[in-house]
Amino acid sequence: MPHPNDPKLRSFIDVAPTSDFPIQNLPYGVFSAKDGLAPRVGVAIGDHVLDLWQLAQDCRIDLVEPAVFAAGSLNPFMALGPQVWSRTRARISELLRHDHPELRDNDKLRQRALVPMADVTLHMPFTVAGYTDFYSSREHATNVGVMFRGKDNALQPNWLHMPIGYNGRASTVVVSGTGIRRPRGQLKPPAADLPSFGPCKRLDFELEMGVVVGQASPMGEMLTEAQAEAMIFGFVILNDWSARDIQQWEYVPLGPFQGKAFGTSISPWVVTREALEPFRLHGPAQEPEPLAYLKQASANNYDVELDVALRAPGMNEAKSICRTNFKYMYWSSVQQLVHHASSGCAMNIGDLLGSGTISGPEKSQRGSLLEISWNGSEPVELAAGVKRTFLEDGDSLVMRGWCQGDGYRIGFGEVEGTILAAE
Ligand code: MN
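Residues numbered from 1 in each chain as written. Predicted model: local features only at pLDDT ≥ 70, side-chain atom pairs only at ≥ 80, totals over all residues. Heavy atoms only, no water.

## Looking at the overall build of the chain
Step number 1: Within the chain, the secondary structure is distributed over 13 helices and 26 strands.
Step number 2: In terms of overall size, the chain behaves like a compact globule, its C-alpha atoms giving a radius of gyration of 22 Å where 423 residues would be expected to give roughly 22 Å.
Step number 3: Relative to its full complement of 423 residues, the chain shows a buried share of 54%.
Step number 4: Relative to all contacts within the chain whose residues are 6 or more apart in sequence, the contacts with residues 24 or more apart total 72%.
Step number 5: Each charge sign in the chain was given a centre, from 38 positive and 48 negative side chains, and these centres are 2 Å apart. (Helix = DSSP H or I, 4+ residues; strand = E, 2+ residues; numbered from the N terminus. Rg over C-alpha atoms; globule rule 2.2 N^0.38 Å. Buried < 20%, exposed > 50% of the residue type's maximum accessible area, 1.4 Å probe, protein only. Contact = heavy atoms within 4.5 Å. Lys, Arg positive; Asp, Glu negative; His and termini not counted. Charge placed at Lys NZ, Arg CZ, Asp CG, Glu CD.)

## Comments concerning the environment of Pro-284
Step number 1: Along the polypeptide, Pro-284 turns up in the loop between strand E18 (280–281) and strand E19 (301–302).
Step number 2: With 45 residues separating them in the primary sequence, Pro-284 and Met-329 have C-alpha atoms 7.4 Å apart.
Step number 3: Aside from chain neighbours lying at most four places away, what touches Pro-284 is Asn-301, Lys-327, Tyr-328, Met-329 and Tyr-330.

## Side note on the coordination of the manganese ion
Step number 1: At 2.1 Å from the manganese ion lie its protein donor atoms, namely Asp-133 (OD), Glu-206 (OE), Glu-208 (OE) and Asp-240 (OD).
Step number 2: The sequence pattern formed by the donor residues of the manganese ion is D-x72-E-x1-E-x31-D. Of the two residues, Asp-133 sits in strand E6 (residues 131–134) while Glu-208 sits in strand E13 (residues 207–213), which places them 75 residues apart along the sequence.
Step number 3: A relative accessible area of 2% places Asp-133 in the buried class. (Donors = N, O, S within 2.8 Å, 3.2 Å for Na, K, Ca; no water.)

## Section: the pattern of salt bridges
Step number 1: Here the structure, examined in full by the defined rule, presents 28 salt bridges.
Step number 2: Taking the shortest distance from any N to any O, the salt bridge between Arg-104 and Asp-105 comes out at 2.9 Å.
Step number 3: Note that Arg-273 and Glu-229 form a salt bridge whose closest N and O atoms lie 3.7 Å from each other. With Arg-273 in helix H11 (residues 273–276) and Glu-229 in helix H8 (residues 225–231), this pair connects stretches of sequence that are 44 residues apart.
Step number 4: Judged by its relative accessible area of 16%, Arg-273 is buried.
Step number 5: Accessibility expressed as a relative area gives 13% for Glu-229, which makes it buried. (Salt bridge = Lys/Arg side-chain N within 4 Å of Asp/Glu carboxyl O.)

## Some words on the side chain of Ser-355
Step number 1: Looking at the secondary structure, you find Ser-355 in the loop between strand E22 (352–354) and helix H13 (369–372).
Step number 2: Excluding residues within four positions of it along the chain, Ser-355 makes contact with Asp-133, Phe-134, Tyr-135, Ser-136, Glu-208, Met-209, Phe-326, Met-329 and Gln-336.

## What to know about the side chain of Gln-336
Step number 1: For Gln-336, the location among the structural elements is in helix H12 (residues 333–341).
Step number 2: A polar contact is formed between the side chain of Gln-336 and the side chain of Ser-136, at a distance of 2.9 Å.
Step number 3: Among residues more than four places away in sequence, those in contact with Gln-336 are Phe-134, Ser-136, Pro-163, Trp-331, Gly-354 and Ser-355. (Polar contact = N/O pair within 3.5 Å; in protein donor to acceptor, adjacent residues only side chain to side chain.)

## Here's the deal with the environment of Asp-47
Step number 1: Structurally, the position occupied by Asp-47 is in the loop between strand E2 (40–45) and strand E3 (48–51).
Step number 2: Given a relative accessible area of 57%, Asp-47 falls into the exposed group.
Step number 3: Taking C-alpha positions, Asp-47 is 9.4 Å from Asp-20, a pair spaced 27 residues apart along the chain.
Step number 4: Those residues in contact with Asp-47 that sit more than four places away from it in its chain are Val-115, Pro-116 and Met-117.

## Structural notes on the sheet that holds strand E20 (residues 305–311)
Step number 1: In space, the 5 strands of this open sheet follow the order E9-E26-E25-E20-E21, with mixed pairing throughout. If you trace the sheet from one side to the other, it starts and ends with strand E9 (180–181) and strand E21 (319–325), each paired once.
Step number 2: Of the pairings in the sheet, the one linking strand E25 (residues 396–404) to strand E26 (residues 409–420) comprises 8 bridges and is antiparallel in character. Its bridge partner being in E26, Val-398 is matched across the sheet by Glu-416. (Pairing = 2+ DSSP bridges.)

## Description of the sheet that holds strand E1 (residues 28–32)
Step number 1: Pairing within the open sheet is antiparallel, and its 5 strands lie in the order E4-E3-E2-E1-E5. Of all strands in the sheet, those bounded by a partner on one side alone are strand E4 (114–116) and strand E5 (121–123). Put simply, the sheet's adjacent strands are angled 50° from each other on average, direction ignored.
Step number 2: Across 4 bridges, E2 lies against E3 in antiparallel orientation. Counted as the bridge partner of Val-43 is Leu-50 from E3.
Step number 3: In this fold helix H4 (residues 82–96) packs onto E1, E2 and E3, with an angle of close to 65° to the strand it touches most, E1. (Axes fitted to C-alpha atoms, helices over the stretch in contact; angles between N-to-C directions.)

## Side note on H12
Step number 1: The buried count for H12 comes to 9 of 9 residues, which makes it a mostly enclosed element.
Step number 2: For H12, the set of buried residues is Ser-333, Val-334, Gln-335, Gln-336, Leu-337, Val-338, His-339, His-340 and Ala-341.
Step number 3: Structurally, H12 contributes buried residues whose contacts are with E6, strand E7 (165–168), E13, H8, strand E14 (232–239) and E22.

## Looking at the nonpolar core
Step number 1: Phe-205, Met-209, Phe-235, Ile-321, Phe-326 and Leu-337 are the most contacted members of the largest nonpolar core, which totals 66 residues.
Step number 2: By size, the runner-up hydrophobic cluster in this structure holds 41 residues, among which are Ile-45, Trp-53, Val-64 and Leu-352. (Core = buried A, V, L, I, M, F, W, Y, C linked by side-chain atoms within 4.5 Å.)

Structural data, given as structure tokens:
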């Protein structure tokens, strides 16, 4: 049987070369259709969703009970472990191949199991057990450090020695398309003597990738590089919405709190680690050498093109304001997971790890408005007469990501969020 990542594979379903979802991808999500059935697990293929619950009920997927796909969340499937993830993906690939008649020639099953993407609602793909956000782009950390502490103290002394992170809120992680209410909080502009409470005036996004942890690790135990990698089920695009004014007043000494707690958006399709395998590469050289427990032997970065576009009210289409790549990250997702567990912290099925804002070396590769507008001093022009330093009510922000193969792409779809006025 050919490997599901084989670039030569074709599906009996037509998939355009620019589609995010060719047969080599097969990302998992949770959808509902117009049939009134409860949300269930599906796989994206071209402009369709393949209903895994229907296939399992028809005994087409062994190893997995149909109830697992009826759960309305990927967590029960993830709990089955990496071998089942891999074998299930191979079986789905086989069922969708142009030269495999089993589903292709079964009209009844095909009608039940293939739903046009236009007819589905996509839901949160998994139940978020815990959400941790990192700060692992050297370019982003340097830009922010230069703005707030000056060029000579841009990176904090600990930054080159470990992936810096904070524990965020799982309760407000939402799926693409969910409106984001402008947060309120304590604000104290530098010139004010005392803080006041009111709507955030410096609302920002952060372009990130999210790691979906698919296996647990026990409290008290560390992880090796190989163990950490095997626990990663897949990746999503993640927008870590940030209230810069709330954050600036509250963040010393314990880090971000309310400035980040009001919303985090993710893309609805989880692209598996296995589908990204052909796009692995080594990250930037790490100097000084990390401590022994953090050293990595493998190429743990991925070549994922990323685009951020912003549409203000009245604009017909979104304007791209950032184009960068996941490959620039200094600390890899595997190192983040190893470090996360290093104290003895237990990891859970459904944990979500934000990579940290992804900025590249060029000005056009800055992954937040804080950097793009250089702390509000350089507004970005979206259209004639429309400029932004931070986000305004009604603004819609779209992030997209994809790995470019030869004649196909492994895409993530998009994560969109529109800013709603404060209540
Ligand atoms: Mn962040």
